[in-house]
Amino acid sequence: MNPVTGIRAAAATPAPPVPALRVVSGTAAPDVHPAPPPEPLHVVDEGREICAISRSTVQAAIEVLAGTRPAQQLSRRLDPHCLAALQHRAALTRRVASGSSPTAGRLHRNPSVRSVRACRVSDDVYEASAVVVEDSRVRAVALRLERDTAAWRVTVLEIG
């Protein structure tokens, strides 16, 4: 027994012999099935990215008009002119909803973006359209997205 570890020494068993390495001259047999070249990295489909950005921006903009989302949440996505126009329209919508019209209170209820289409105008510009379904009506929305230094920004937002 080892006095330091307290472990009993096992009977010394010899290690199996390691076979010696042989040197073989000549070339290796050609590989019957060469490995396929690695697949190139896939670039993100820009059209799908634009559709996703458009869908989330339109959904958020309709929620701003409904009064369920603050407009400042869109400040990184919309340019200042679009954001100001959206805030102005949201204020007008709230004023109309508090009026005497029986259908005004149902404006922008349960909005859902049904479809989005995008069209490339140039390398840094896309135009998109969306269909939004609400409780009492269906709306069309048009957007223009331009590539900023770091991200895509909506420069025109028209909500029908």
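Residues numbered from 1 in each chain as written. Predicted model: local features only at pLDDT ≥ 70, side-chain atom pairs only at ≥ 80, totals over all residues. Heavy atoms only, no water.

A.B. asks: Help me understand the packing of aromatic side chains, please; the structure alone is not making it clear to me.
C.D. replies: Scanning all chains against the criterion turns up 1 aromatic pair. Between Y126 and W152, the aromatic rings sit 5.6 Å apart at their centres with planes inclined by 80°, giving edge-to-face as the arrangement. Within this pair, whereas Y126 is found in strand 2 (residues 125-133), its partner W152 is found in strand 4 (residues 152-159), the two being separated by 26 residues in sequence. Residues Y126 and W152 agree in their burial class; the two are buried. (Phe/Tyr/Trp six-rings, centres within 6.5 Å; stacked < 30°, edge-to-face > 60°. Helix = DSSP H or I, 4+ residues; strand = E, 2+ residues; numbered from the N terminus. Buried < 20%, exposed > 50% of the residue type's maximum accessible area, 1.4 Å probe, protein only.)

A.B. asks: It is not clear to me how the environment of R117 should be interpreted in this structure. Could you clarify?
C.D. replies: Note on placement: R117 falls in strand 1 (residues 112-122). Once the C-alpha coordinates of R117 and S54 are considered, the two residues, 63 residues apart in sequence, prove to be 8.8 Å apart. Setting aside anything within four residues of it in sequence, one finds R117 in contact with C51, E127, A128 and S129. (Contact = heavy atoms within 4.5 Å.)

A.B. asks: Please explain the pairing of strand 1 as it appears in this structure.
C.D. replies: The side chains of a regular strand alternate, first on one face of the sheet and then on the other. Note that strand 1 and strand 2 share 9 bridges and pair antiparallel. In the sheet register, S115 faces strand 2, and the bridge partner there is V131. Connecting strand 1 to the antiparallel partner strand 2 that follows it, the hairpin turn spans 2 residues. (Pairing = 2+ DSSP bridges.)

A.B. asks: Mind showing me how you'd approach the side chain of E134 here?
C.D. replies: In this structure, E134 sits in the loop between strand 2 and strand 3 (138-147). Residue class for E134 comes out buried when judged on its relative accessible area of 5%. Within the structure, the side chain of E134 is placed 2.9 Å from the side chain of R139, a separation counted as a polar contact. (Polar contact = N/O pair within 3.5 Å; in protein donor to acceptor, adjacent residues only side chain to side chain.)

A.B. asks: Got a minute to help me understand the environment of R89 in this structure?
C.D. replies: The topology assignment puts R89 in helix 2 (residues 80-97). Separated by 70 residues in the primary sequence, R89 and I159 place their C-alpha atoms 9.9 Å from one another.

A.B. asks: I tried to follow the side chain of T155 on my own but got confused; where do I start?
C.D. replies: With respect to the secondary-structure elements, T155 resides in strand 4. Within the structure, the side chain of T155 is placed 3.4 Å from the side chain of E146, a separation counted as a polar contact. Other than its neighbours up to four places away in sequence, T155 contacts D79, C82, R144 and E146.

A.B. asks: How should the nonpolar core be read in this particular structure?
C.D. replies: Ranked by internal contacts, the top residues of the largest apolar core, which has 28 residues, are V58, L74, L78, L86, L145, L157 and I159. For this core, the elements supplying multiple residues, two or more each, are helix 1 (46-66), helix 2, strand 1, strand 2, strand 3 and strand 4. Top element by residues in this core is helix 1. It accounts for 8 residues. (Core = buried A, V, L, I, M, F, W, Y, C linked by side-chain atoms within 4.5 Å.)

A.B. asks: Quick question: what am I supposed to make of the pattern of salt bridges here?
C.D. replies: Should the charged atoms of two oppositely charged side chains come close, the side chains can pair. Overall, the coordinates contain 8 salt bridges when judged by the stated rule. Here D123 and R120 are joined by a salt bridge, their closest N and O atoms 2.3 Å apart. Residues participating in the shared-partner salt-bridge network are E46, D124 and R147. (Salt bridge = Lys/Arg side-chain N within 4 Å of Asp/Glu carboxyl O.)

A.B. asks: Would you mind going over the sheet that holds strand 2 with me for this structure?
C.D. replies: Pairing is antiparallel across the open sheet formed by 4 strands, whose spatial order is 1-2-3-4. What marks the edges here is a single partner per strand, and that holds for strand 1 and strand 4. With strand direction ignored, the average angle separating the axes of adjacent strands in the sheet is 20°. Sheet topology note: the strand 2/strand 3 ladder contains 9 bridges and is antiparallel. When the bridges of strand 3 are listed, V133 appears paired with V138. (Axes fitted to C-alpha atoms, helices over the stretch in contact; angles between N-to-C directions.)

A.B. asks: Where do I start with the confidence of the model for the chain in this structure?
C.D. replies: Low-pLDDT portions of the prediction should not be read for the details of their coordinates. The predicted model of the chain has a mean per-residue pLDDT of 82, with 74% of residues at 70 or higher. Taken element by element, the chain is modelled with least confidence in helix 2, mean pLDDT 88, and with most confidence in strand 2, mean pLDDT 96. (pLDDT = per-residue confidence, 0-100.)

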